[in-house]
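Here are the chains, one letter per residue:
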Amino acid sequence: MGMQDLIEVKGLSKKYGKLTVLDRLSFTIQKAEIFGLLGPNGAGKSTFISILATLCRPTDGDILINGLSVTKQSDKIKKNLGFVPQEIALYPMLSGIDNLNFWAGIYGLSGGIKKERIQQALSVVRLEDRAKDRVDNYSGGMKRRLNIAVALLHHPDILIMDEPTVGVDIQSRKYIMDAIKALKKEGKTIIFTSHYIDEMENLCDRIALIDKGSIKSIGTVGELQRIYGREKIEEILLDFLRD
Ligand SMILES: Nc1ncnc2c1ncn2[C@@H]1O[C@H](COP(=O)(O)OP(=O)(O)OP(=O)(O)O)[C@@H](O)[C@H]1O
Ligand SMILES: [Mg+2]
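Small disclaimer: the values here were computed from a predicted structure and weren't measured. (Residues numbered from 1 in each chain as written. Chains lettered and ligands numbered in written order. Predicted model: local features only at pLDDT ≥ 70, side-chain atom pairs only at ≥ 80, totals over all residues.)

> For this particular structure, what's the right way to read the pairing of strand S10 (residues 214-219)?
As judged from the five bridges shared by strand S9 (residues 206-211) and S10, these two strands associate in the antiparallel manner. Considered in S10, the bridge of Ala-208 is made with Ile-218. Adjacent in sequence and paired antiparallel, S9 and S10 are bridged by two residues, among which Lys-212 carries a positive phi angle near 50°. (Pairing = 2+ DSSP bridges. Helix = DSSP H or I, 4+ residues; strand = E, 2+ residues; numbered from the N terminus.)

Printed below as a string of structure tokens:
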């Protein structure tokens, strides 16, 4: 294990009955890294993300975060994780700020700190102006951004996001990408999935290519281009789908 390894995935497998969804994954993620998971539908990205976020148990193996096991020490780990699910998880009848108030309460925040954290989170995702509007009046991109704000309230060191930019317009996408970059600068580690390859290339320190439950390669964009002898990551993915 290297000095900066924050997350250690060790022989991780997940099966549903006879279906192997994740097959003995082993790799590490470093502190303050932006780490992307890229792969076709059904590759196992969300399954991996859910295990990392301690929401789902592996069939075999484990993930250590700062030496703590996601299977055995999930309570300790959760305090340090922010999770943005693939599906929007918000109360549509409440305003943005009331959604944040609700979740801040769940995280045990109160008083001045709670107010401050909510304002900070709103500012990271650029939703200050619309905070008092009901969420069912938000656009898809604004809902996504609010979901990210929720995940930031307790100041986690690790942010896990499953398709944070799916279906959002270019402005929301830019705000989300800027937020990811700013969080990295603060020393946070960000793990996310996306089907937008340009966005992955632009943001990620390293990308893991995942297909049919296996990691095919992990590397910087340059490394992946060299490994596969292809200019475009998209072509590498299309090769997987042809197999
Ligand atoms: N609860 C479950 N029971 C049975 N099979 C499941 C369950 N959850 C996921 N799967 C299967 O696991 C495989 C991987 O699914 P997963 O959601 O991890 O893929 P993904 O890479 O996130 O895909 P997408 O890009 O479409 O979001 C799929 O074949 C899926 O049908
Ligand atoms: Mg998914």
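> Where do I start with the site of ligand 1 in this structure?
Contacts to ligand 1 come from Tyr-16, Leu-19, Val-21, Gly-39, Asn-41, Gly-42, Ala-43, Gly-44, Lys-45, Ser-46 and Thr-47. Elements that contribute at least two residues to the shell around ligand 1 include exactly strand S2 (19-30) and helix H1 (45-52). By residue number, the principal contributor to the shell around ligand 1 is H1, which donates three residues. Of the residues assigned to the shell around ligand 1, the class counts are four nonpolar, six polar and one charged. (Near = placed C-beta within 6 Å. Nonpolar A, V, L, I, M, F, W, Y, C, P; charged D, E, K, R; others polar.)

> I keep staring at the sheet that holds strand S4 (residues 60-65) and nothing clicks. Help me out?
Each strand in a sheet pairs with its neighbour through backbone hydrogen bonds, running either in the same direction (parallel) or in the opposite one (antiparallel). Spatial strand order, S2-S1-S4-S5: four strands in an open sheet with antiparallel pairing. Of all the strands in the sheet, just S2 and strand S5 (68-69) have a single pairing partner and so form its edges. Pairing geometry for strand S1 (residues 5-16) and S2, over eight bridges, is antiparallel. Paired with Glu-8 across the strands is Thr-28, a residue of S2.

> What should I look at first to understand the nonpolar core in this one?
Generally speaking, a soluble globular protein has its nonpolar side chains buried in company with each other. Of all hydrophobic cores here, the largest spans 68 residues; its most connected members are Val-125, Ala-149 and Ile-160. Broken down by element, this core gets its largest block of residues, seven residues, from helix H5 (residues 140-152). Both of domain 1 (1-79 + 160-172 + 189-243) and domain 2 (81-155) provide at least three residues apiece to this core. Setting aside residues no more than four positions away along its own chain, Ala-149 makes contact with Leu-100, Ala-121, Leu-122, Val-124, Val-125 and Leu-127. (Core = buried A, V, L, I, M, F, W, Y, C linked by C-beta atoms within 7 Å. Buried ≥ 20, exposed ≤ 12 C-beta atoms within 10 Å, placed from the backbone. Domains from an automatic or database assignment. Contact = placed C-beta atoms within 7 Å.)

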